[in-house]
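Okay, here's what each chain looks like letter by letter:
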Amino acid sequence: MTNATFSRETAEDRVIVALDCGMDRALELADMLKGHAKWVKVGMTLFYAEGPAAVKAFKDRGFKVFVDLKLHDIPHQVEGAAKSVVLTGADMLTVHASGGQKMMQAAMDGARAAVESVPGTQMPIVLAVTVLTSMDDQTLASIGVESQAAEQVERLAKLADAAGVGGVVCSPKEAEIMKRVLSADKCIVTPGVRPKGSATGDQARVTTPSQAFENGSTHIVVGRPITQAVDPVAAFDAIVDEIVGA
Ligand code: C5P
């Protein structure tokens, strides 16, 4: 998919705003962004502080919510955790691909069990996290992974595809590999995105929003360039403008 195929409405639906801050600020941002952004991301910091109420607060405001808890445990525990996460109202959730194919399948089973247990529950998009973008070849070697990061990403993406999850989270630099390895209908969700001129922060391998989509991303995750902007709505709208080529 290239940016040329995006309407403004579609582009707004492909930019996920990471609310990595306290609940008061997260709600303030959500209220500002309503009518512009369609998705917010609740990560571990917010979820562990506020619990399922955090997800509900954004659902009640009409957002789709990506609950990014990166589950990784024995399959039985991950199945239960995925079920619980889906019952909070999550529209997207994450598991670590390095937990193996059975663990990812267990997450899918848990998600399906949640859908079956409560009428009206929608099947969320379950994403597999391949290699964290904070890990380089040296870090992988230090934990006994001899492959280079790109090779390891490809191996885990193949496993994720075989497990039947809905897509992956990866660096926008790896989106091209994903397009080659994954079945056509999978989501490729990429953080590490910086509009031209914004601070990189702790992200090492970044691309611009439009470059991420040209590489094959289906969704991008953007946090600080929006949440720490003087005008978060203008920052969000500028990203959408860039994607649609306005
Ligand atoms: O503020 P920034 O745009 O860097 O936020 C990126 C978001 O994407 C954060 O919520 C971070 O946890 C998440 N993320 C990431 N790299 C990964 C996986 C998730 O930056 N590999």
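Residues numbered from 1 in each chain as written. Predicted model: local features only at pLDDT ≥ 70, side-chain atom pairs only at ≥ 80, totals over all residues. Heavy atoms only, no water.

> In this structure, what is going on with the sheet that holds strand β4 (residues 92-96)? I would like to understand it.
Hydrogen bonds along the backbone pair up the strands of a sheet, which may run parallel or antiparallel. Spatially, eight strands are ordered β1-β2-β3-β4-β5-β6-β7-β8 in a closed barrel, and the strand pairing comes out parallel. Between one strand axis and the next, the sheet turns by 25° as a mean value, whatever way the strands run. Where strand β1 (residues 15-18) meets strand β8 (residues 219-222), three bridges bridge the pair, whose relative direction is parallel. Opposite Ile16, over in β8, you have Val221 as the bridge partner. (Pairing = 2+ DSSP bridges. Helix = DSSP H or I, 4+ residues; strand = E, 2+ residues; numbered from the N terminus. Axes fitted to C-alpha atoms, helices over the stretch in contact; angles between N-to-C directions.)

> Would you mind going over the site of the ligand with me for this structure?
Around the ligand, a shell composed of 13 residues is seen, among which Asp20, Arg194, Gln203, Gly223 and Arg224 lie nearest. At 2.7 Å, a side-chain N or O of Asp20 approaches an oxygen atom of the ligand. For the ligand, the accessible surface in isolation is 460 Å², of which the surrounding protein chains cover 85%. One can see that the ligand is located within the largest pocket. (Near = heavy atom within 4 Å. Polar contact = N/O pair within 3.5 Å; in protein donor to acceptor, adjacent residues only side chain to side chain. Areas by Shrake-Rupley, 256 points an atom, 1.4 Å probe, with all protein chains shown as cover. 1 Å grid on protein atoms, 1.4 Å probe; cavity = no way out; pocket = protein on both sides within 12 Å on 5 of 7 lines; lining within 4 Å. Sits in = over half its atoms within 2 Å of the grid points.)

> Hey, could you run me through the layout of surface pockets in this one?
The gaps of empty space that remain are located by a probe, the size of a water molecule, rolled over the atoms. One number sums up the size of the largest pocket: a volume of about 850 Å³. For the largest pocket, the lining is made up of 33 residues, of which Asp20, Lys41, Lys70, Pro191 and Gln203 are closest to its centre. Only α2 (23-33), β2 (39-43), α3 (44-50), β3 (64-71), β8 and α11 (224-227) provide two or more residues apiece to the lining of the largest pocket. The biggest single contributor to the lining of the largest pocket is β3, with three residues. When grouped by side-chain class, the residues that make up the lining of the largest pocket number 14 nonpolar, 10 polar and nine charged. Approximately 190 Å³ is the volume found for the second largest pocket. Surrounding the second largest pocket, 14 residues form its lining, Ser98, Thr130, Met135, Leu140 and Leu156 being those nearest its centre. (Points joined across faces, edges and corners; volume = space filled by probe spheres on them. Nonpolar A, V, L, I, M, F, W, Y, C, P; charged D, E, K, R; others polar.)

> Where do I start with the pattern of salt bridges in this structure?
Oppositely charged side chains may form a pair once their charged atoms are brought near each other. Summed over all chains, the structure comprises 13 salt bridges. Taking the shortest distance from any N to any O, the salt bridge between Glu12 and Arg8 comes out at 3.9 Å. With Glu12 and Arg8 both in helix α1 (residues 8-12) and four residues apart, this pair spans about one turn of that helix. Given the relative accessible area of 11%, Glu12 is considered buried. Each member of the salt-bridge network shares a partner with another, and the members are Arg8, Glu12, Lys38 and Asp241. (Salt bridge = Lys/Arg side-chain N within 4 Å of Asp/Glu carboxyl O. Buried < 20%, exposed > 50% of the residue type's maximum accessible area, 1.4 Å probe, protein only.)

> Could you clarify how one ought to interpret the nonpolar core in this entry?
Most often, soluble globular proteins have nonpolar side chains that are buried together. Counting 71 residues, the largest nonpolar core has Phe58 and Ile220 as its most contacted members. Excluding anything up to four places from it in sequence, Ile220 contacts Arg14, Val15, Ile16, Thr190, Val193, Pro209, Ala212, Phe213, Ile239 and Ile243. Membership of the second largest hydrophobic core comes to 11 residues, among which are Ile16, Val129, Val189 and Val221. (Core = buried A, V, L, I, M, F, W, Y, C linked by side-chain atoms within 4.5 Å. Contact = heavy atoms within 4.5 Å.)

These values are about where atoms sit, not about what they do.
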